[in-house]
Amino acid sequence: MSHLAQSDPAVAKQIENEVSRQRAGLEMIASENLVSRSVLEAVGSPLTNKYSEGYPGKRYYGGNEFIDVIENLARDRAKELFGAEHANVQPHAGSQANMAAYFALAEPGNKIMAMDLAMGGHLTHGSPVNFSGKLFAIVPYGVRRDTHLIDMDEVRETALREKPRVILAGYTAYSRILDFKAFKKIADEVGAYLMVDMAHFAGLVAGKAYPSPFPYADVVTTTTHKTLRGPRGAAIFSKIEDRLRRDNKKNLAQKIDFAVFPFLQGGPLDHVIAGKAVAFKEALHPTFADYAEQIVKNAQALAASLMNNGIDLVSGGTDNHLVLLDLTKTGLSGKEAETLLDSVGIYTNKNMIPYDPRKPMDPSGLRVGTAALTTRGFDEDELTQVGEMIAHVLHNATQKDVLEGVRAKVAEMTQSHPLYEGWTYVTPGGE
Ligand SMILES: Cc1ncc(COP(=O)(O)O)c(C=O)c1O
């Protein structure tokens with residue numbers, strides 16, 4: 001029996017339950033993925049015991065000789081992976097990465113131009129209930145009503161009018177490619193920094209299945225746990241030189257590092273940084289490009305299948321790992337659809353659609369992604385079937401036999417793609 005099962009069976013049991021849920025369900029939440037056993041081992045290691053405030057070679061605590069090697073590995077691999085000049089791998093999460101980046105580039109009260117949450121942006125891109133909306137003057141941009149695409153002419157007009165300090169490109173619910181070159185041109189025209197939050201598509205950039213923001217952006221933030229398939233956490237990349245404030249003593253890389261520590265965070269999570277190093281090595285392997293390409297192919301197969309089965313999609317398809325369903329015609333709300341799909345073991349999340357007449361807690365849309373299923377080895381054929389299953393559930397919400405049939409199909413599909421085989425927490429190698 002494992003140590004945890006013996007000392008704290010209440011927690012051990014729920015971990016076991018959660019692993020069983022992950023094994024038996026179709027994980028389609030676009031911001032989630034399934035990490036490798038190696039990443040799990042690193043994150044579950046005694047590195048969690050260590051304090052290492054500061055950076056490699058400049059710590060506020062002793063005994064960091066091995067931690068320094070690990071953090072340097074993580075930084076070097078991250079830079080190699082994306083062709084970045086500078087990497088900070090300490091942010092605990094994507095929200096902290098964005099906060100640190102904003103404070104490195106701007107002062108409270110400065111204007112930051114970012115995608116509206118209701119149109120596909122993230123909470124940290126200026127929502128009034130978030131630190132970003134409270135501390136900075138947010139200038140939102142959205143998508144066109146007719147195409148659901150970002151209109152770069154409108155972005156330019158808004159930027160010329162508002163003269164923001166930072167222009168942020170990035171999203172949490174947008175299924176198309178961003179024109180980083182056009183964003184950079186606008187940033188240059190108005191004297192703004194260009195920041196890209198690639199949290200959702202970082203794995204696709206790493207695998208060259210999505211354009212890279214690195215030639216254009218001053219600062220790039222990312223979470224490490226979405227398409228990048230690393231542990232829960234984040235990283236910030238930057239150019240070394242500060243294009244816009246050469247007068248200042250600190251360069252951009254120094255400003256980023258200072259904004260993470262000591263400005264925002266204390267001790268880094270060394271066990272998580274080790275997990276990031278492992279994940280970056282995995283992403284550097286040539287097979288990761290096949291993985292990234294397959295994520296997009298799977299999302300496109302899913303999108304086609306949903307549309308062929310009478311489900312409307314925002315922007316009519318996808319270029320990345322996610323698909324945004326407009327449920328208006330089904331008569332279901334996003335919340336109802338999420339609950340219904342949960343009941344058959346298909347995990348998704350309710351989401352606002354552009355110009356949504358409904359409220360955020362019960363919006364008109366549903367967001368689905370293919371990163372986790374692709375990790376499990378699902379192909380386009382299977383994603384086509386998953387699209388049919390989702391549509392079938394949404395069109396037959398009250399029919400118990402339909403739900404039962406889809407539940408059985410989910411069981412069949414997940415059994416043919418085993419997850420964490422042989423891994424048991426409570427009884428290693430056991431029941
Ligand atoms: C684009 C984007 N940025 C930042 C974040 C925040 O990441 P975290 O939840 O790790 O704070 C998310 C999370 O979903 C995201 O989608």
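As the structure is a computational prediction, the values presented were derived from the model and not from experiment.

Caption draft 1: The pattern of salt bridges, seen in detail. Per the stated rule, a full pass over the model turns up 20 salt bridges. Across the pair D68 and R59 runs a salt bridge whose closest N-O atoms are separated by 2.7 Å. The burial state of D68 is the same as that of R59; both residues are buried. A salt bridge links R243 to D218, with the nearest nitrogen and oxygen atoms 2.7 Å apart. Here the residue R243 occupies a position in the loop between β10 (234–238) and α10 (252–264), and D218 occupies one in the loop between α9 (202–206) and β9 (219–223), the gap between them amounting to 25 residues. Looking at R243, the relative accessible area reads 26%, which means it is partly exposed. One salt-bridge network, in which partners are shared between bridges, spans K184, D188, D218 and R243.

Caption draft 2: Spatial organisation of unusual backbone geometry. In this structure, the amide linkage connecting F261 to the following residue, P262, adopts the cis form with an omega of 10°. As for its position among the elements, P262 is in helix α10. For H148, which is not a glycine, the phi torsion comes out positive at approximately 65°. Summarising the element assignment, H148 is placed in the loop between β6 (137–141) and α7 (152–162).

Caption draft 3: Local environment of a nonpolar patch on the surface. Together, Y51, Y60 and Y61 give the surface a local cluster of nonpolar side chains, amounting to about 380 Å² of exposed area. Tracing the backbone shows Y61 in the loop between β3 (58–59) and α4 (65–82). Looking at Y61, the relative accessible area reads 37%, which means it is partly exposed.

Caption draft 4: Local environment of the sheet that holds strand β11 (residues 312–313). Taken together, four strands build an open sheet; the order of strands is β11-β12-β15-β14 and the sheet is antiparallel. If you trace the sheet from one side to the other, it starts and ends with β11 and β14 (349–351), each paired once. The sheet contact formed by strand β12 (residues 322–326) and strand β15 (residues 365–369) spans five bridges and is antiparallel. For L322, the partnering residue across the bridge sits in β15 and is G369. Sitting on the sheet, helix α12 (residues 287–308) is in contact with β11, β12 and β15, with an inclination near 15° to β12.

Caption draft 5: Looking closely at empty space enclosed by the protein. Applying the stated rule across the entire model yields one cavity of 30 Å³ or more. Estimated volume of the largest cavity: approximately 70 Å³. In terms of lining, the largest cavity is formed by M119, V143, H148, A173, Y174, S175, R176, V314, S315, L324 and P354. A per-class count over the lining of the largest cavity returns seven nonpolar, three polar and one charged.

Caption draft 6: Looking closely at the site of the ligand. As a structural note, the neighbourhood of the ligand is formed by 13 residues, with G94, S95, T172, D197 and K226 the closest of them. The separation between an oxygen atom of the ligand and a polar side-chain atom of S95 is 2.7 Å. Protein contact buries 84% of the 390 Å² of open area that the ligand shows by itself. Looking at the shell around the ligand element by element, the count peaks at three residues for helix α5 (residues 94–105). Tallied by class, the residues present in the shell around the ligand amount to three nonpolar, eight polar and two charged.

Basis of the calculations
Residues numbered from 1 in each chain as written. Predicted model: local features only at pLDDT ≥ 70, side-chain atom pairs only at ≥ 80, totals over all residues. Heavy atoms only, no water. Salt bridge = Lys/Arg side-chain N within 4 Å of Asp/Glu carboxyl O. Buried < 20%, exposed > 50% of the residue type's maximum accessible area, 1.4 Å probe, protein only. Helix = DSSP H or I, 4+ residues; strand = E, 2+ residues; numbered from the N terminus. Patch = residues over 30% accessible without salt bridge, like charges linked within 9 Å, V, L, I, M, F, W, Y side chains within 5 Å. Areas by Shrake-Rupley, 256 points an atom, 1.4 Å probe, with all protein chains shown as cover. Pairing = 2+ DSSP bridges. Contact = heavy atoms within 4.5 Å. Axes fitted to C-alpha atoms, helices over the stretch in contact; angles between N-to-C directions. 1 Å grid on protein atoms, 1.4 Å probe; cavity = no way out; pocket = protein on both sides within 12 Å on 5 of 7 lines; lining within 4 Å. Points joined across faces, edges and corners; volume = space filled by probe spheres on them. Nonpolar A, V, L, I, M, F, W, Y, C, P; charged D, E, K, R; others polar. Near = heavy atom within 4 Å. Polar contact = N/O pair within 3.5 Å; in protein donor to acceptor, adjacent residues only side chain to side chain.

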